[in-house]
Amino acid sequence: MKIERVDLLQIRMRLKAPFETSYARLSELDKLILKVYTPDGIAYSECTAGNQPLYSYETFDTAKYILKRFIIPTIMGMELRGPDHYWEKIGRFRGHPMAKAAMENAIWTLKAMEDGIPLAKCLGGQRDKILSGVSIGIQNNTKELIERIASYLSQGYPRIKIKIKPGKDVNTIEEVRHQFPDITLMVDANNAFSLNHMETLEAMEQFHLLMIEQPFEHDNMLDHARLQATLKTPICLDESIHSPSAARVAAALQACRIINIKQGRVGGLTQALEVHHIAQANGMGVWCGGMLETGIGRAVNVAVATLPNFIYPSDISASDRYWERDLIDPPFAINPDGTINVPSGPGLGVKINEAVLDHVTVDREIIR
Ligand code: OSB
Ligand code: MG
């Protein structure tokens with residue numbers, strides 16, 4: 001595959017409803033979409049970096065800079081053999097996993113297109129459906145949260161994740177659990193707690209949560225290990241697992257029992273596969289996290305979640321959970337059994353609607 005042109009599209013999309021975590025309330029998202037041209041076809045990819053350096057230090061514009069200044073010039077016009085060759089060329093650049101992943105996703109997609117197979121097959125995935133789940137942001141009050149949960153349950157979502165933060169923690173979980181005694185429920189703290197909150201975290205044990213996601217700071221592996229040693233509830237790490245090496249440290253310290261895999265956060269699909277294998281070898285199950293992707297990034301997440309060690313429902317919801325109008329046709333939908341179908345066509349297997357993409361594009365740079 002020979003990359004001859006890359007369009008860097010900055011798009012702006014409004015969520016159907018604001019999404020609030022312990023660190024931000026998001027309503028309008030800027031994203032970087034890559035359109036990668038080769039003589040044999042075009043691949044689209046979505047960068048998972050956000051507007052501000054909150055979830056990670058990267059933003060859509062730092063990613064754009066790293067792509068423009070370093071990654072694209074290194075590989076432009078080269079006869080690339082595939083993802084391994086890409087890493088040979090750009091692996092020496094430090095950091096910026098989401099920027100690297102954005103181009104790497106396109107290269108994996110081009111490889112799948114060349115082979116005439118779905119990306120899921122190309123990655124070694126085996127399923128034709130993946131188990132969905134929904135992540136619900138912090139609401140104004142518990143009544144509204146309960147209404148939202150009821151609505152998602154009625155749509156078929158088999159696992160509910162709620163965001164928590166200090167002050168909206170045990171009481172909220174207690175009310176939700178009281179209302180829905182039997183649902184598969186988990187919480188995500190996005191780094192908002194510390195060892196000073198041990199009592200609060202221990203009080204969560206009684207609600208038979210599927211897991212507690214990322215209670216402590218992203219770089220605090222040690223205290224996660226201390227917490228996991230005292231809790232029966234599994235800890236799941238998200239922000240802390242920024243590389244395969246971090247996954248090995250987490251396993252060695254027993255800092256978690258479950259890993260949330262986001263390919264962008266770990267630097268792309270090759271490294272996501274590595275994290276998947278490390279987790280499996282250490283008896284840890286995984287699931288696929290989300291970054292409020294459009295259909296382009298969602299198609300990649302769906303492909304990743306077809307791998308065998310994805311044993312928990314993923315934060316991969318239907319398009320209409322996020323957007324009035326997704327960038328793809330048809331949008332992703334949830335089946336009555338709580339699953340999402342894996343596209344069967346070559347590459348991403350979804351059709352990008354150019355008119356919709358054009359409509360949401362606020363800035364475009366063409367690199368040849
Ligand atoms: O922590 O998993 C997270 C969204 C943006 C940033 C971080 C997170 C999330 C989600 C939403 O929880 C998952 C999704 O539905 O895309
Ligand atoms: Mg998370």
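Not measured: the values here are computed from a predicted model. (Residues numbered from 1 in each chain as written. Chains lettered and ligands numbered in written order. Predicted model: local features only at pLDDT ≥ 70, side-chain atom pairs only at ≥ 80, totals over all residues. Heavy atoms only, no water.)

A. Just the coordination of the magnesium ion (ligand 2), in detail. For the magnesium ion (ligand 2), the protein coordination sphere consists of Asp 188 (OD), Glu 213 (OE) and Asp 238 (OD), at 2.1 to 2.3 Å. Look at where the donors of the magnesium ion (ligand 2) fall in the sequence and you get D-x24-E-x24-D. Of the two residues, Asp 188 is situated in strand E7 (residues 185-188) and Asp 238 in the loop between strand E9 (235-237) and helix H9 (244-253); the sequence distance between them amounts to 50 residues. Summarising the burial analysis for this pair, Asp 188 and Asp 238 share the class buried. (Donors = N, O, S within 2.8 Å, 3.2 Å for Na, K, Ca; no water. Helix = DSSP H or I, 4+ residues; strand = E, 2+ residues; numbered from the N terminus. Buried < 20%, exposed > 50% of the residue type's maximum accessible area, 1.4 Å probe, protein only.)

B. Seen up close, unusual backbone geometry. With omega at -15°, the peptide bond leading from Asp 329 into Pro 330 counts as cis. Here the phi dihedral of Asn 190 falls at roughly 40°; this positive angle occurs in a residue that is not glycine. In this fold, Asn 190 is placed in the loop between E7 and helix H7 (198-203). Assessed through its relative accessible area of 4%, Asn 190 is described here as buried.

C. Summary view of the nonpolar core. Judged by nonpolar contacts, the single largest core of 92 residues is most densely connected at Ile 149, Ile 160, Ile 162, Ile 173, Met 204, Ile 259 and Leu 327. Both domains that meet at this core, namely domain 1 (5-116 + 354-367) and domain 2 (122-341), each give it at least three residues. Ignoring sequence-local partners within four residues, the contact set of Ile 160 consists of Val 134, Ile 136, Ile 149, Tyr 152, Leu 153, Ile 183, Thr 184, Leu 185 and Met 186. (Core = buried A, V, L, I, M, F, W, Y, C linked by side-chain atoms within 4.5 Å. Domains from an automatic or database assignment. Contact = heavy atoms within 4.5 Å.)

D. A look at the domain arrangement of the protein chain. Split by domain assignment, the protein chain resolves into domain 1 (5-116 + 354-367) and domain 2 (122-341). A separation of 23 Å is found between the C-alpha centroids of domain 1 and domain 2. Tallying the contact residues gives 33 residues for domain 1 and 40 residues for domain 2. Together domain 1 and domain 2 conceal approximately 3,200 Å² of surface at their shared face, both sides included; 66% is due to carbon and sulfur atoms. Where domain 1 touches domain 2, the interface holds 1 salt bridge. (Buried area = accessible area lost by both parts, 1.4 Å probe. Salt bridge = Lys/Arg side-chain N within 4 Å of Asp/Glu carboxyl O.)

E. Region of the structure containing the packing of aromatic side chains. Tallied over the entire structure, the rule returns 5 aromatic pairs. Between the aromatic rings of Tyr 152 and Tyr 157, the centroid separation amounts to 5.7 Å while the plane-to-plane angle is 80°, which identifies the pairing as edge-to-face. Both rings, one in Tyr 322 and one in Trp 323, keep their centres 6.3 Å apart while their planes meet at 35°; by these two values the pair is tilted. The pair Tyr 322 / Trp 323 is uniform in exposure class, with both members buried. Of the aromatic side chains, those joined through ring pairs into one cluster are Tyr 65, Phe 70 and Phe 93. Directly above the ring of Tyr 37 sits Arg 5, whose terminal nitrogen or CZ lies 4.3 Å from the centroid. Geometry around Trp 287 places Arg 159 over its ring, the cationic atom sitting 5.3 Å from the centre. (Phe/Tyr/Trp six-rings, centres within 6.5 Å; stacked < 30°, edge-to-face > 60°. Lys NZ or Arg CZ within 6 Å of the ring centre and 35° of its normal.)

F. Summary view of the site of ligand 1. Around ligand 1 sit 16 residues, and of these Ser 135, Asp 188, Asn 190, Leu 292 and Tyr 322 come closest. Taking Lys 161, its side chain carries an N or O atom lying 3.1 Å from an oxygen atom of ligand 1. Protein contacts shield 98% of the accessible area of ligand 1, which totals 380 Å² for the unbound molecule. Counted by class, the shell around ligand 1 contains 6 nonpolar, 3 polar and 7 charged residues. (Near = heavy atom within 4 Å. Polar contact = N/O pair within 3.5 Å; in protein donor to acceptor, adjacent residues only side chain to side chain. Areas by Shrake-Rupley, 256 points an atom, 1.4 Å probe, with all protein chains shown as cover. Nonpolar A, V, L, I, M, F, W, Y, C, P; charged D, E, K, R; others polar.)

G. Spatial organisation of helix H10 (residues 269-281). The end-to-end C-alpha distance of H10 is 18 Å, a good match for the 18 Å that 13 residues give at a rise of 1.5 Å each. Among the residues making up H10, those that are buried are Leu 269, Ala 272, Leu 273, Val 275, His 276, Ile 278 and Ala 279. As for H10, its buried residues are in contact with helix H3 (97-115), helix H4 (119-122), H9, strand E10 (258-261), strand E11 (285-288) and helix H11 (295-304). Following H10 by one or two positions, Gly 283 adopts a phi angle in the positive range, close to 70°. (Expected span 1.5 Å × (residues − 1).)

H. Layout of the packing of H9 against H10. Relative orientation of the contacting elements H9 and H10 amounts to 15°, with a least axis distance of 9 Å. Considered as vectors, H9 and H10 are oriented roughly parallel to each other. Viewed along their axes, H9 and H10 form a crossing whose handedness is right-handed. Between H9 and H10, the residues in contact are Pro 244, Ala 247 and Arg 248 and Gln 271, Glu 274, Val 275 and Ile 278, respectively. Here the contact of H9 with H10 is built from residues that sort into 4 nonpolar, 1 polar and 2 charged. (Axes fitted to C-alpha atoms, helices over the stretch in contact; angles between N-to-C directions. Parallel < 35°, antiparallel > 145°, perpendicular 65-115°, else oblique. Left-handed = near helix turned anticlockwise from the far one by under 90°.)

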